[in-house]
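# Examining the three-dimensional arrangement
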Number of protein chains: 4
Amino acid sequence: MPEKPPKFRRRAEARPDEVLDAALALFVERGYAATKVEDVARRAGVSKGLVYLYFPSKEALIEGIVLRAVTPVADRAIAEISSFEGHPRTAISTVMRFLVMRLSDPQVMAVPRLIMREVAQFPHIAEMYRREVLDRVIPVLRERLQRGMDAGYLRPHDPDLTLRSVIGPLVLHVMLAEIFGIRPEDGLAFDRLVENHLSILFDGLSAREDTK
Amino acid sequence: MPEKPPKFRRRAEARPDEVLDAALALFVERGYAATKVEDVARRAGVSKGLVYLYFPSKEALIEGIVLRAVTPVADRAIAEISSFEGHPRTAISTVMRFLVMRLSDPQVMAVPRLIMREVAQFPHIAEMYRREVLDRVIPVLRERLQRGMDAGYLRPHDPDLTLRSVIGPLVLHVMLAEIFGIRPEDGLAFDRLVENHLSILFDGLSAREDTK
Amino acid sequence: MPEKPPKFRRRAEARPDEVLDAALALFVERGYAATKVEDVARRAGVSKGLVYLYFPSKEALIEGIVLRAVTPVADRAIAEISSFEGHPRTAISTVMRFLVMRLSDPQVMAVPRLIMREVAQFPHIAEMYRREVLDRVIPVLRERLQRGMDAGYLRPHDPDLTLRSVIGPLVLHVMLAEIFGIRPEDGLAFDRLVENHLSILFDGLSAREDTK
Amino acid sequence: MPEKPPKFRRRAEARPDEVLDAALALFVERGYAATKVEDVARRAGVSKGLVYLYFPSKEALIEGIVLRAVTPVADRAIAEISSFEGHPRTAISTVMRFLVMRLSDPQVMAVPRLIMREVAQFPHIAEMYRREVLDRVIPVLRERLQRGMDAGYLRPHDPDLTLRSVIGPLVLHVMLAEIFGIRPEDGLAFDRLVENHLSILFDGLSAREDTK
DNA sequence: TATGAATGAGCTTTCATTCAT
DNA sequence: AATGAATGAAAGCTCATTCAT
């Protein structure tokens, strides 16, 4: 009778994170619905029961992933936006480049990818995301646009709608790539996207009449 | 016991459409996963078996909805974009206003709402949507931007990336509203969104140096 | 490839009862907790899913069993008690003998056996049993005792407590037999129990002083 | 950081009893099935593992509770019954009043409450209860009834069946109260129950013909 | 002694799909 | 063309029990 290997390995502190890593990988790979809790457990090298020791439900896994990943990014983005004085172009450009740099790390990109694919299914998580990210980032961004307008740097506009013009293209770019597989020939090309977008955003698409 | 005759017998050909209507309503109301085929049947006033007579699977229902709704809109948008000559601002503005007018009809809006919520779950449908809509609209739009650039109406840019700047804000606006419940105080405010966006898109956000 | 036998057999009307019969048999045999819904289905010769077509949950099976079996008996007992005039001894004796006759049918006895074993676990069912049986039988019995007392047939007593003296011995007899396996050598001996009990109940256990 | 020393260290020997106390409280509160071993541990202020050090299984907890509580009562009841000479009415009345006094202590009452609710589920425990209590008390009681009959104090009857008439009402009274929530308006009213029952038991319910 | 992280068999319930009628 | 009874695979979750520490 061969020796059975020890069943246990105590790593209480690391475990929840390991489980979350496994879940993230699988959810991105095959989607939330198609992933069984047992798969997550197997991937994390633990038993099904252990997953439920740390997370009360399968849905809590997605919640945990999003919460873990998203808050720091939001914090950073807010800090970045707020810190800059002067022309908002600098602030927005910096934040956007920072975001893009972070997103270029596939490990990091996995989360927006997941959010994009699944969040709409889970009102609970959508709400959490709104609370943790959108409700914090949007006001800061809106206020920054307002200040830029008040200071005469930006043309008059509705800041609440303008922020859709600021962020929307980035969101659509990721959606096209992740959901529909439509991306530039040289990959995600985040850098080029941002440069192209910022140029349009601030200077407009129209050829200047005086330079025409 | 005399048979109570139906007042008038529905033409059989209308049936699939009625099933699709019922499915659309329910999918939007409670989501695809939470909707049972039996619910769809009941709502359409037919039996479960009949649904399967017209559609081979539950997924085929979503497919049918998207296909039915999306192709005409794409056709129309393509025609619109292509037909305009001169400054592309006119073409893009017209298409966007047309889209927005259509989307303001809740009946029509239901479909993008559904797509937004569910399409990511179904690679099959995502692919179909890409094929039927994106692969047809994107090239036309790209080419129009290219022409505008060639003709000197538009500043130099990468048309492939620029179209994200054109469409992205609209997509984000709908997402914020539908998924996260974030919308302007006066409702969806599509008109104001489009005006604000078009102004930025073509003239930029920056105050003109010469007018400063 | 051998012919697969037809999967279906349509007997919609009989099915719920067949399922209940199977459930009753198994619950009595091995207890509620130890019986899987799948076992019930197999015993009834149907699929697991069918059970859930007629009964929303496993617990609903017990509920269904009790409800089906118990209401008619309660009805009959009430009618019996109410109908008799004169000395309540006759009424009570008749009812008790009727009950005992019914209980001697193992098919019928199965239900009290089940109630005795499981009902305490299910507040929901206990409540239903109280509502359907106890709340209907107890007032009738109490009132009968009261009338017997008013008419001078019975010595003064508290009818509410007395009915425990009337019914209790029967209950204990069944409990001893079913739960603890303690029963007279000649089996359940319901008849002898009832005669013995009725004699004590009405005439007392004490030897009459005047006959001593 | 200095260790906060426990005020006094519980003697290890008290532990099993404390665990049993916790288990009893929880089993009565929410039932055996709904109580997790971990709950018991927490309530007892020990770890889950320790419970298993003292009791080999969850079922052993119930067994321990019943065993601990029931033997002394049985012993006492047996002694009481045996000790009395003369009219068995005195013996039975005394025992019954003693029982009732004990049962009025909620701490004590908890055990019959538990037995009533759960014992039927556990053949093992039912058997133990039969062995420890019923097999010891019943013969004594039966023999006492027999002696009372032989001595001419009691009318002729079958002592084996009569003891059901003696004990049954008490059992039913507790069942109605505990399982179905049916009890006299002034609470359990054990005293009144016993007086009412003893009067019927010995003197019968019928009005004496000669006093009528 | 004492802990509590870890296990995993087991069970209820759901629902898309089938097909006899 | 139409029905709806019947199927059964599939998956989330629980919790008594174990054992490395």
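Residues numbered from 1 in each chain as written. Chains lettered and ligands numbered in written order. Predicted model: local features only at pLDDT ≥ 70, side-chain atom pairs only at ≥ 80, totals over all residues. Heavy atoms only, no water.

A word on the overall build of chain A. From N to C terminus, chain A includes nine helices and zero strands. Counting from the amino terminus, chain A carries its helices and strands in the arrangement α-α-α-α-α-α-α-α-α. Across its three principal directions, the C-alpha atoms of chain A cover 90 × 35 × 25 Å. By residue count, 53% of the 212 residues in chain A fall in the buried class. For chain A, restricting intrachain contacts to residue pairs at least 6 apart in sequence, the fraction spanning at least 24 positions comes to 66%. Here chain A has roughly 10500 Å² of accessible surface; of this, 55% comes from carbon and sulfur atoms. Seen as two clouds, the 31 positive and the 30 negative side-chain charges of chain A have centres 6 Å apart. (Helix = DSSP H or I, 4+ residues; strand = E, 2+ residues; numbered from the N terminus. Buried < 20%, exposed > 50% of the residue type's maximum accessible area, 1.4 Å probe, protein only. Contact = heavy atoms within 4.5 Å. Areas by Shrake-Rupley, 256 points an atom, 1.4 Å probe, with all protein chains shown as cover. Lys, Arg positive; Asp, Glu negative; His and termini not counted. Charge placed at Lys NZ, Arg CZ, Asp CG, Glu CD.)

Quick look at the arrangement of the chains now. There is no contact between chain A and chain C; across them, the least C-alpha separation is 22 Å. No interface is formed between chain A and chain D, the nearest pair of C-alpha atoms being 13 Å apart.

In this assembly, 55 residues from chain B lie in contact with 55 residues from chain A. Together chain B and chain A conceal approximately 4800 Å² of surface at their shared face, both sides included; 62% is due to carbon and sulfur atoms. Contact with chain A buries area across many residues of chain B, yet Arg155, Arg164 and Leu205 of chain B alone supply 17% of it, more than any other trio. At the surface where chain B touches chain A, the tally comes to two salt bridges. In this structure, Arg192 of chain A engages Asp158 of chain B in a salt bridge whose closest nitrogen and oxygen atoms are separated by 2.4 Å. There are 24 residue pairs in polar contact (both at pLDDT 80 or more) connecting chain B and chain A. Looking at side-chain class alone, the side of chain B that touches chain A contains 28 nonpolar, 13 polar and 14 charged residues. (Buried area = accessible area lost by both parts, 1.4 Å probe. Salt bridge = Lys/Arg side-chain N within 4 Å of Asp/Glu carboxyl O. Polar contact = N/O pair within 3.5 Å; in protein donor to acceptor, adjacent residues only side chain to side chain. Nonpolar A, V, L, I, M, F, W, Y, C, P; charged D, E, K, R; others polar.)

Time to look at the environment of Arg113 of chain D. Residues and elements named next belong to chain D. Structurally, Arg113 is set in helix 6 (residues 106–118). With relative accessibility at 23%, the residue Arg113 sits in the partly exposed group. The spacing of Arg113 and Arg15 is 98 residues in sequence and 24 Å in space, taken between C-alpha atoms. With sequence-adjacent residues up to four places away left out, Arg113 is seen in contact with Val28 and Glu178.

Let us look at the relation of the copies chain C and chain D. Superposing chain C onto chain D requires a rotation of 180 degrees together with a translation of 0.1 Å along the rotation axis, leaving an RMSD of 0.2 Å. What the rotation and shift describe, once combined, is the action of a two-fold rotation axis. Looking at the rotation axis and the C-alpha trace of chain C, the residue lying nearest is Gly204 of chain C, at 1.7 Å. The overlap is high: 100% of the interface residues of chain C also sit at the interface in chain D, so the same surface is used on both sides. (Least-squares fit on C-alpha atoms with pLDDT ≥ 70 in both.)

Before going further, it helps to spend a moment on the packing of helix 7 (residues 123–150) of chain C against helix 8 (residues 159–180) of chain D. In contact at an axis separation of 10 Å, helix 7 of chain C and helix 8 of chain D are set at 125 degrees when each is read in the N-to-C sense. Between helix 7 of chain C and helix 8 of chain D, the crossing angle belongs to the class labelled oblique. Residues Ala126, Tyr129, Arg130 and Leu134 of chain C of helix 7 of chain C form the contact with helix 8 of chain D, whose own contacting residues are Leu176, Ile179 and Phe180 of chain D. When its residues are assigned to classes, the contact of helix 7 of chain C with helix 8 of chain D shows six nonpolar, no polar and one charged. (Axes fitted to C-alpha atoms, helices over the stretch in contact; angles between N-to-C directions. Parallel < 35°, antiparallel > 145°, perpendicular 65-115°, else oblique.)

Here we take up the relation of the copies chain B and chain A. Least-squares fitting of chain B to chain A yields an RMSD of 0.2 Å, with the superposition described by an axial translation of 0.1 Å and a rotation of 180 degrees. Counting the interface residues of chain B, we find that 100% of their copies in chain A are interface residues as well, pointing to one common contact surface.

Further remarks concern the domain arrangement of chain A. In many reports, interface size means the accessible area that the parts give up when they come together. Residues and elements named next belong to chain A. Along its sequence, chain A is carved into domain 1 (12–56) and domain 2 (62–205). Here domain 1 and domain 2 have C-alpha centroids that lie 29 Å from each other. Between domain 1 and domain 2, the contact holds nine residues from the first and 11 residues from the second. Carbon and sulfur atoms make up 68% of the surface buried where domain 1 meets domain 2, a total of about 950 Å² over both sides. Linking domain 1 with domain 2 are two salt bridges. Asp17 is the partner of Arg68 in a salt bridge, and the nearest nitrogen-oxygen pair spans 2.6 Å. Where domain 1 packs against domain 2, one counts four residue pairs in polar contact (both at pLDDT 80 or more). Partitioned by chemical class, the residues of the side of domain 1 that touches domain 2 number six nonpolar, one polar and two charged. (Domains from an automatic or database assignment.)

Bringing the UniProt feature "DNA-binding region" (unreviewed entry) in chain A into the picture now. The feature "DNA-binding region" (unreviewed entry), as annotated in UniProt, sits at residues 36–55 of chain A in this numbering. Across residues 36–55 of chain A, helical content stands at 75% and strand content at 0%; the span's end C-alpha atoms are separated by 14 Å. (UniProt positions renumbered as here; feature names shortened; annotations may be inferred.)

This part covers the environment of Ala44 of chain B. Residue and element names in this part refer to chain B. Mapping Ala44 onto the fold places it in helix 2 (residues 37–44). On the basis of relative accessible area, Ala44 is assigned to the buried category, the value being 17%. Distance from Ala44 to Leu20, taken between C-alpha atoms, is 8.4 Å for residues 24 residues apart in sequence. In this structure, Ala44 is in contact with Glu18, Val19 and Ala22, ignoring residues within four places of it in sequence.

Below, the discussion takes up helix 5 (residues 88–103) of chain B. All names here are of chain B. Helix length check: helix 5 (16 residues) gives 22 Å between terminal C-alpha atoms against 22 Å at 1.5 Å per residue, within 8%. Along helix 5, the positions that sit buried rather than exposed are Pro88, Ala91, Ile92, Ser93, Val95, Met96, Phe98, Val100 and Leu103. Those residues of helix 5 that are buried are in contact with helix 4 (58–83), helix 6 (106–118), helix 7 (123–150), helix 8 (159–180) and helix 9 (190–203). (Expected span 1.5 Å × (residues − 1).)

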